[in-house]
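Next come the chains, spelled out residue by residue.
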Amino acid sequence: MKKTVLAFSRVNPQMAERLAQDFNVIIPDPKQGDIAAQFNEALPEVHGLIGAGRKLGREQLADAKNLQVVSSISVGYDNYDVDYLTERGILLTNTPDVLTESTADLGFALIMSSARRVAELDAYTKAGHWTRSIEPPHFGTDVHGKTLGIVGMGNIGAAVARRGRLGFNMPILYSGNSRKAALEQELGAQFRTLDQLLAEADFVCLVVPLSDKTHHLIGRRELALMKKSAILVNISRGPVVDEPALIEALQNGTLRGAGLDVYEKEPLAESPLFQLSNAVTLPHIGSATTETRQAMADLACQNLRSALLGERPQNLVNPQAWKA
Ligand code: DGY
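In this convention, every chain numbers its residues from 1, walking through the sequence in written order. Two thresholds apply to this predicted model, a pLDDT of at least 70 for residue-level local features and 80 or more for giving and counting side-chain atom pairs, whereas whole-chain, interface and lining totals are computed over all residues. As a convention, hydrogens and water are excluded, and side-chain values are obtained from all of the structure's heavy atoms.

Undergrad: I'd like to hear about the pattern of salt bridges, residue by residue, with values.
TA: Basic side-chain nitrogens of Lys or Arg form a salt bridge, by our definition, when they fall within 4 Å of a carboxyl oxygen of Asp or Glu. Taken as a whole and judged by the stated rule, the model has 16 salt bridges. A salt bridge links arginine 237 to aspartate 78; the nearest nitrogen and oxygen atoms lie 3.0 Å apart. Of this pair, arginine 237 sits in the loop between β10 (231–234) and α11 (243–252) while aspartate 78 is found in the loop between β4 (69–72) and α4 (82–87), placing the two residues 159 residues apart along the sequence. As a salt-bridge pair, glutamate 186 and arginine 162 come within 2.6 Å of each other at their nearest N and O atoms. Of this pair, glutamate 186 sits in helix α8 (residues 181–187) while arginine 162 sits in helix α7 (residues 155–168), and the two are 24 residues apart along the sequence. Counting from the N terminus, the helices are DSSP H or I runs at least four residues long and the strands are E runs at least two residues long.

Structure (structure tokens):
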């Protein structure tokens, strides 16, 4: 008998078709009423869940008696209660690697846009304000040759660092839990404590996963350590930064600018950030290219399929659950 899979976010038609070859697939449909109600109703019979952007833990999964796997279409897994899933022997999979380069591209787009005021001056031109040569109040700041600080030198951090070092001749500093000898060799990257990095870097790019340890890693104290001329870029998770403290620093001019893809609460419907010309605000699009989202969907399907057919999935977040 075919196992049943439930999607907990939008899935593309090819993905649904592919899953339907092996499984009964349930995709809640907004036209049929409340999505959450449809999800909860289907939950007791499902063996696999696939999707992204939804909190799943004890409270949400209590009725999922047959659940064997949660396949997340994301690299980050802060939405899931990993300990709870492991305790119940439910596998959790994610989609690392396939989004590394696209997310690093976006990180660099934020560095460039913040430094050269790309989004702000695009709006200026389109509003018809360009009536004579641009003068110093609208000048940006250089990126090439400036110091780039990477907070969290994982795969994405390393990909941002490579762009900075090889494309823009930037000295690279990094902080994190461990030294990366190969990257020190490849890029001349230098290890710093977080405080030292914040004090020295011209651009600080946050690429750490969200955890209890990294929640509000950058708060008022840390922002005060940064140079007044520095730019903070966040492509990790919103809660890594104390957002009200950041807004205050941007309003007071104690920080030059910020390039943000993520926020404490998403979607960001209203925020003082919208009034700040020194903040670039994107709607969490780190991995949002056609090619990368397709690759993530393919990998998530593959992980789900392996788990439900009894094979060890390629990208297992909680190997203890597999052993169990
Ligand atoms: C991830 O995969 O965790 C990214 O944030 C995607 O949106």
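Undergrad: Give me the sheet that holds strand β3 (residues 48–51): which residues, what numbers.
TA: In a beta sheet, neighbouring strands are held together by backbone hydrogen bonds and run either parallel or antiparallel to one another. Pairing is parallel across the open sheet formed by five strands, whose spatial order is β2-β1-β3-β4-β5. One side of each edge strand has no neighbouring strand; the edge strands of this open sheet are β2 (24–26) and β5 (91–93). Direction aside, the axes of adjacent strands within the sheet are offset by 20 degrees on average. Here, any two strands with at least 2 DSSP bridges between them count as paired. Sheet topology note: the strand β1 (residues 4–7)/β2 ladder contains three bridges and is parallel. Across the sheet, the residue bridging to leucine 6 is isoleucine 26, located in β2. Under this scheme, a helix contributes an axis fitted over its contacting stretch, all axes are lines through C-alpha atoms, and angles between N-to-C directions fall in the 0 to 180 degree range.

Undergrad: Describe in detail the packing of helix α1 (residues 13–20) against helix α12 (residues 290–308), supporting the description with residues and values.
TA: At their nearest, the axes of α1 and α12 sit 10 Å apart, and the two run at 15 degrees to each other. Judged by the angle between their axes, α1 and α12 are roughly parallel. In this structure, α1 crosses over α12, and the sense of that crossing is right-handed. Of the residues in α12, those touching α1 at Gln14, Met15, Arg18 and Leu19 are Gln294, Ala297, Asp298, Cys301, Gln302 and Leu304. Classes in brief: Ala, Val, Leu, Ile, Met, Phe, Trp, Tyr, Cys and Pro nonpolar; Asp, Glu, Lys and Arg charged; the others, Gly included, polar. Its residues placed into classes, the contact of α1 with α12 shows five nonpolar, three polar and two charged. In what follows, roughly perpendicular refers to angles from 65 to 115 degrees, roughly parallel to angles under 35, roughly antiparallel to angles over 145, and oblique to any angle outside these ranges. Throughout, a crossing is termed right-handed when the near helix is turned clockwise from the far one, and left-handed when it is turned anticlockwise from it by less than a right angle. Note on contacts: a residue pair qualifies if any of its non-hydrogen atoms lie within 4.5 Å across the two residues.

Undergrad: Which residues make up unusual backbone geometry, and what are the values?
TA: In this chain, glutamate 266 is followed by proline 267 through a cis amide linkage whose omega measures -5 degrees. On the secondary structure map, proline 267 appears in the loop between β11 (257–260) and β12 (279–281). You will see that aspartate 97, though not glycine, has its phi angle at about 70 degrees, which is positive. Mapping aspartate 97 onto the fold places it in the loop between β5 and α5 (100–116). Exposure classes here rest on a 1.4 Å probe applied to the protein chains alone. A residue is buried below 20% of its type maximum, exposed above 50%, and partly exposed in between. In this structure aspartate 97 comes out as partly exposed when scored by relative accessible area, which is 48%. The residue asparagine 169 is not glycine, and still its phi comes out positive at about 55 degrees. Assignment of secondary structure puts asparagine 169 in the loop between α7 and β7 (172–175).

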